[in-house]
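# Understanding the architecture of this molecule
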Amino acid sequence: MCKAIDDYCERTGQIAPKTPAEYIRCIYLSLAHRYKAILGMLRSFSQHPINRLHVIGGGSKNPYLMQMTADALGIPVIVHLILGLPGESREMMLDSVRY
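Residue positions are given per chain, counting from 1 as you read along its sequence in written order. In keeping with the model being predicted, local features are shown solely for residues with a pLDDT of at least 70 and side-chain atom pairs are shown and tallied solely at 80 or more, while totals for entire chains, interfaces and linings include all residues. Side-chain metrics in this entry use all non-hydrogen atoms of the structure; hydrogen atoms and water are not considered.

### Regarding the overall build of the chain
Scanning the chain from N- to C-terminus turns up four helices and two strands. Helix numbering and strand numbering both begin at the N terminus, where a helix is a DSSP run of H or I of at least 4 residues and a strand a DSSP run of E of at least 2. Of the regular secondary structure in the chain, the N- to C-terminal order runs α-α-β-α-β-α. Within the chain, buried positions represent 21% of all 99 residues. Counting only contacts in the chain whose residues sit at least 6 apart along the sequence, the fraction spanning at least 24 positions is 48%. Here the chain displays about 7,400 Å² of accessible surface, and carbon together with sulfur accounts for 60% of that area. Burial status follows relative accessibility: with a 1.4 Å probe on protein chains alone, a residue under 20% of its type maximum counts as buried, one over 50% as exposed, and anything between as partly exposed. Residue contacts are defined here by distance: any two heavy atoms, one from each residue, within 4.5 Å place the two residues in contact. With residues, only the protein chains shown are counted as cover, and all accessible areas are computed by Shrake-Rupley using a 1.4 Å probe.

### Thoughts on the packing of aromatic side chains
Two rings from Phe, Tyr or Trp (for Trp, the six-membered ring) form a pair when their centres sit within 6.5 Å of each other. Planes less than 30 degrees apart are called stacked, planes more than 60 degrees apart edge-to-face, and all others tilted. A full pass over the atoms with the stated rule returns one aromatic pair. Aromatic side chains Tyr-28 and Tyr-64 sit 5.7 Å apart centroid to centroid with 55 degrees between the ring planes, which places their arrangement in the tilted category. Here Tyr-28 is found in helix 2 (residues 20-45), whereas its partner Tyr-64 is found in helix 3 (residues 63-73), with 36 residues between them in sequence. For Tyr-64, a relative accessible area of 41% translates into the label partly exposed.

### Looking at the packing of helix 1 (residues 2-12) against helix 2
How two helices pack is summed up by the angle between their axes together with the distance between the axes. Note on method: axes are straight lines fitted to C-alpha atoms, helices fitted across the in-contact stretch only, with angles between N-to-C directions ranging 0 to 180 degrees. Between helix 1 and helix 2, whose axes approach to 11 Å, the crossing angle comes to 75 degrees. Between helix 1 and helix 2, the angle is such that the two are roughly perpendicular. On helix 2, the residues touching Cys-2, Ile-5 and Asp-6 of helix 1 are Tyr-23, Cys-26 and Ile-27. These descriptions rest on fixed angle ranges, namely under 35 degrees for roughly parallel, over 145 for roughly antiparallel, 65 to 115 for roughly perpendicular, and the rest for oblique.

### Quick word on helix 3
For helix 3, the full list of buried residues reads Leu-65, Met-66, Met-68, Thr-69, Ala-70, Ala-72 and Leu-73. Turning to helix 3, the residues buried within the fold contact helix 2, strand 1 (53-55) and strand 2 (77-79). One or two residues past the end of helix 3 sits Gly-74, with phi positive at roughly 75 degrees.

### Notes on the nonpolar core
Of all hydrophobic cores here, the largest spans nine residues; its members are Tyr-28, Ala-32, Val-55, Leu-65, Met-66, Met-68, Ala-70, Ala-72 and Val-77. Secondary-structure elements contributing two or more residues to this core are helix 2 and helix 3. The dominant element in this core, judged by the number of residues it contributes, is helix 3, at five residues. With near-sequence residues (within four places) excluded, Ala-32 lies in contact with Met-68, Thr-69 and Ala-72. Among the buried residues, those of types Ala, Val, Leu, Ile, Met, Phe, Trp, Tyr and Cys that are joined through side-chain atoms within 4.5 Å form a nonpolar core.

See the structure below:
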């Protein structure tokens, strides 16, 4: 993955990360900004305001990533650590919650 990041930075005229911490920060920022782009698309066709993001799954266990996501989105990120349920069950349960 580091090589792919280096190649992308070279192609786009950006300074490539140097340390493992810089690579991690780069990856997390990239994820957070992708979430922001997706949120923008969802908002464009939603009839309801989206004023918070509920997160489940492995990434939700990373407070650094969740804070970067909240900062990028400008809305609260609510983490749900639902253990012991298969993925489909968790998703169906959260889909049924109306806010």
